[in-house]
Amino acid sequence: MALSLSNFLLPLLMLLQHGLVANAATVTFDWNITWVTTNPDGMADRPTIGINGQWPLPALNLTKGDRVIVNAYNGLGNQSTSLHFHGMFQNGTNEMDGPVGVNQCGIPPGSTMVYNFTLDQSGTYWYHSHQRGQYPDGLRGTLVINDPENPYAGEFDEEVTFSLSDWYHDQMPGLMKEFISYKNPTGAEPVPNSALMNDTQNFTVSIEPGKTYLFHVINYGAFAGQYFWIEDHTMEIVEVDGVFTEKAAADMIYLTTAQRVSFLLTAKNSSSTNFAMVGSMDTDLFDTIPSTLNPNVTGWLVYDKSSDLPTPALVDEFDPYDDFNLVPTDGMELYENVDYQVQLDLKMDNLGDGANYAFFNDVSYVSPKVPTLYTVMTSGASASSVGIYGSNTNAFVLGKDEVIEIVLNNDDAGKHPFHLHGHNFQAVVRSDEDAGFYDADNHTAFPAMPMRRDTFMVRPNGNFVVRFKADNPGVWLFHCHIEWHMDSGLVATMIEAPLELQKTLTIPQNHFDVCKAAGVPTTGNAAGNTEDLLDLSGENKSPAPLPAGFTARGIVALVFSCVSAFLGMAVISWYGAAPLRSKTVIAAKRRISQAGVVVEDK
Ligand SMILES: *[C@@H]1O[C@H](CO)[C@@H](O)[C@H](O)[C@H]1NC(C)=O
Ligand SMILES: *[C@@H]1O[C@H](CO)[C@@H](O)[C@H](O)[C@H]1NC(C)=O
Ligand SMILES: *[C@@H]1O[C@H](CO)[C@@H](O)[C@H](O)[C@H]1NC(C)=O
Ligand SMILES: *[C@@H]1O[C@H](CO)[C@@H](O)[C@H](O)[C@H]1NC(C)=O
Ligand SMILES: *[C@@H]1O[C@H](CO)[C@@H](O)[C@H](O)[C@H]1NC(C)=O
Ligand SMILES: *[C@@H]1O[C@H](CO)[C@@H](O)[C@H](O)[C@H]1NC(C)=O
Ligand SMILES: *[C@@H]1O[C@H](CO)[C@@H](O)[C@H](O)[C@H]1NC(C)=O
Ligand SMILES: *[C@@H]1O[C@H](CO)[C@@H](O)[C@H](O)[C@H]1NC(C)=O
Ligand SMILES: *[C@@H]1O[C@H](CO)[C@@H](O)[C@H](O)[C@H]1NC(C)=O
Ligand SMILES: *[C@@H]1O[C@H](CO)[C@@H](O)[C@H](O)[C@H]1NC(C)=O
Ligand SMILES: [Cu+2]
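These figures come from a predicted structure and were not determined experimentally.

**Student:** So what's going on with unusual backbone geometry? Residues and values would help.
**Tutor:** Trp 55 connects to Pro 56 through a cis peptide bond whose omega is 0°. When you line up the elements, Pro 56 lands in the loop between β3 (46–51) and β4 (60–63). The phi torsion at Asn 52 lies on the positive side, around 50°, for a residue other than glycine. Within the secondary structure, Asn 52 sits in the loop between β3 and β4. Overall, Asn 52 belongs to the partly exposed group, its relative accessible area being 30%. The backbone phi angle of Asn 198 is positive, close to 50°, even though this residue is not glycine. Mapped onto the elements, Asn 198 comes out in the loop between β11 (194–197) and β12 (203–206). Here Asn 198 falls in the partly exposed class, since its relative accessible area comes to 26%.

**Student:** Describe the side chain of Gln 104, with residues and values.
**Tutor:** Positionally, Gln 104 belongs in the loop between β6 (84–86) and β7 (112–118). Exposure remark for Gln 104: the relative accessible area of 0% places this residue in the buried category. Other than its neighbours up to four places away in sequence, Gln 104 contacts Thr 81, Ser 82, Leu 83, Gly 98, Pro 99, Met 113, Tyr 115, Pro 371, Tyr 374 and His 511.

**Student:** Any chance you could break down the sheet that holds strand β25 (residues 416–420) for me, citing the residues and the numbers?
**Tutor:** With mixed pairing, the five strands of this open sheet are ordered in space as β23-β31-β30-β25-β28. Since the sheet does not close on itself, it has two edges, and those belong to β23 (395–398) and β28 (455–458), each with one partner. Each adjacent strand pair in this sheet contributes to an overall mean axis angle of 20°, direction not counted. By the bridge criterion, six bridges tie strand β30 (residues 474–480) to strand β31 (residues 491–496) in an arrangement that is antiparallel. Along β31, the bridge assignment pairs His 479 with Val 491.

**Student:** With reference to specific residues and values, describe the site of ligand 1.
**Tutor:** Taken together, the residues surrounding ligand 1 are Asn 32, Thr 34 and Tyr 73. One of the side-chain nitrogen or oxygen atoms of Asn 32 is found 2.2 Å away from an oxygen atom of ligand 1.

**Student:** Please set out the nonpolar core residue by residue, giving values where relevant.
**Tutor:** Within the largest apolar cluster, 84 residues are counted, with the highest numbers of intra-cluster contacts made by Phe 215, Phe 228, Phe 263, Leu 301, Phe 418, Phe 478 and Met 494. Core analysis: the next-biggest nonpolar cluster, separate from the first, contains 53 residues, Tyr 115, Tyr 365, Val 370 and Tyr 389 among them.

**Student:** Before we move on, could you go through the state of the cysteines and cite the residues and values that matter?
**Tutor:** The final tally for this structure, using the stated rule, is one disulfide. A sulfur-sulfur distance of 2.0 Å marks the disulfide that ties Cys 105 to Cys 515. In this structure the cystine formed by Cys 105 and Cys 515 twists about its S-S bond by roughly 95°; its chirality is therefore right-handed. Of this pair, Cys 105 sits in the loop between β6 and β7 while Cys 515 is found in helix α6 (residues 509–518), placing the two residues 410 residues apart along the sequence. For Cys 105, a relative accessible area of 2% translates into the label buried.

Thresholds, definitions, all that
Here the residue index of a chain counts from 1 through its sequence in written order. Think of it this way: whatever chain is written first is A, whatever ligand is written first is 1, and the rest follow in order. Given that this is a predicted model, residues contribute local features only at a pLDDT of at least 70 and side-chain atom pairs are listed and counted only at 80 or more, while totals for whole chains, interfaces and linings are drawn from all residues. Values shown for side chains rest on all heavy atoms present in the structure; no hydrogens or waters enter the calculation. Elements are defined by DSSP. Helices are runs of H or I of four residues or more, strands are runs of E of two residues or more, and each kind is numbered from the N terminus. We call a residue buried when its accessible area falls under 20% of the maximum for its residue type, exposed when it is over 50%, and partly exposed in between, using a 1.4 Å probe and counting protein chains only. Contact definition: two residues touch when any of their heavy atoms are within 4.5 Å. Strand pairing requires that DSSP identify at least two bridges connecting the strands. Axes here refer to lines fitted to C-alpha atoms; in helices the fit is confined to the stretch in contact. Angles between the N-to-C directions go from 0 to 180 degrees. The cutoff for a nearby residue is simple: one of its non-hydrogen atoms must lie within 4 Å of the molecule or strand. Any pair of nitrogen or oxygen atoms within 3.5 Å is treated as a polar contact; in protein, a donor-acceptor pairing is required on top of that, and neighbouring residues in sequence qualify only through side-chain atoms on both sides. Put simply, a nonpolar core is a bunch of buried Ala, Val, Leu, Ile, Met, Phe, Trp, Tyr and Cys residues held in one set by side-chain atoms that sit within 4.5 Å of each other. Disulfide assignment relies on a single distance test, namely cysteine sulfur atoms paired within 2.5 Å.

What follows is the structure in structure tokens.
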């Protein structure tokens, strides 16, 4: 009796331990999200967000058609959380998309949110927290969805999945405070401490001669794009961001944060040597390059365990394959006729608190009081009025089945990888660096069958144009996937077919329970007003703009003066004597007091 009971219990316990109970096509994960201590680059122990006491996080390898249920318990104790399955269209399940303040409330410590959706796509994805600034602290993992009918099924023997990422030794809440601060008026982003390959360094992949492999590579870093290459091997790209493409041979690829690629790799027929593969962070993104930083991470294809792991050769020039040239295997043609154009002009600038923010069309995103999806669901016919969604959410209401064109003009000297939730999009134009704003009368020819993906980079001071069909009713974010920029406001909200959504969507009770535990309202407009939906009084707003005449130079002076405020006030008179306009100086004084630093009046 006892024996048969343990025979029954042991496998069950083992299943529970792995947090996974497979049941026909429903895959259930019981995840306890807690702090663990890790040291993936061998340089510093740090608290990291793990699942069921483990980190790296579970590598999900599922099958198209599966229903996924994740019971996400927040065991962090001191932070809210959420999960977003990046690249999933969540068609019919918009409430499962994950962004806090948009599709759900943050899951407070001690609460559980049930994510329940089906996998209707295949290819390479990932999952991560969509709570402000959180995923770089560890809450991100890979997700591969197999499709027995994928166009390359049968062309490979084995699959290999791994991540690339950047890594910080300090935790995000503190870094974020330093980043969005009057002490950092130029908006210099914190520079990562190292690069990781599959959340480690010195990563190895065993290779058998003669076999063909399907590699899935995911950049789930916070900030840095990475160049990636494998010495003496060609990568045949066959999929990006879940879109299968005609084969494209590449010696080097570039993955921005959040982008994914699959490629076929044909092993040598025989080899007694091993080969380095290198991820190299794009240091163009960094304002400063600390002398101690190694931007590279090396792994190896191991043909022969007894042979050395060679040091990679230095590369003189980064010349990655241009993803704009890819062609989807499904042959989907260009959407020729645009119904609605969304123009987003990107800039970085300072607001009245002296900190640097990111803007679309002069608006820096701030989360509304009521998650936007709940505003849609509780506003009746007013859901079509963009005015109810708040003045800081960059909201756009899209009509059902309209062809939407997003024109992104980058008035900033940095590269930015933009991600659209709920869709992938056709990449119609991507200008060179310094091309300025998009000119509809003067652009490169549109591809007949454009590349599609869900994350696409705009070049410094350049532009891009993407198109998609609004055939997925829901509230979908469009944002820069550099976590620093997302949190300093580089976000827009696409409210797609809201009246249709009201008819087809039911929000599960679990969502309301989570909001109640979090103390977040679930009815009314962006400000939580339920009477007059156009009355936004009390809404969340970004800091006020700088007073007119306040110059960037003034901000630098402000920083000096803040330092001096601590040291005993001498610099105000110093910069008063410097050739700055007096208006600037006065503004700077006021800013100092607003920033909470006591200033003695001279
Ligand atoms: C989650 O993990 C923590 C730390 O191991 C443990 O104290 C807690 O009881 C767990 N909670 C649940 C619901 O599993
Ligand atoms: C990787 O290998 C190098 C060289 O042997 C070593 O210095 C480094 O500590 C290793 N890194 C990790 C994270 O194990
Ligand atoms: C939350 O708790 C973790 C683990 O104890 C700690 O390292 C971290 O600094 C805390 N974070 C915040 C924001 O309090
Ligand atoms: C998941 O969603 C399906 C379809 O709505 C529903 O039938 C099922 O009960 C849900 N499962 C859980 C655990 O919520
Ligand atoms: C994922 O699972 C499939 C079987 O469904 C297997 O063939 C494949 O090798 C697995 N992929 C990885 C990366 O483990
Ligand atoms: C990468 O890491 C994940 C998570 O630890 C692991 O499951 C997977 O096997 C690793 N990939 C390879 C190719 O070793
Ligand atoms: C390996 O050998 C096969 C059969 O001789 C040949 O067709 C193939 O081209 C060789 N592959 C490589 C990478 O040399
Ligand atoms: C990283 O790799 C690049 C390309 O090979 C090389 O130029 C650079 O010197 C390397 N940096 C370090 C610190 O090894
Ligand atoms: C068209 O654009 C190209 C590339 O940006 C530029 O060199 C050229 O001057 C433009 N032509 C006109 C007529 O504006
Ligand atoms: C969502 O589902 C509808 C109905 O099946 C379909 O017409 C539409 O193309 C789908 N949209 C996306 C983005 O998957
Ligand atoms: Cu950005």
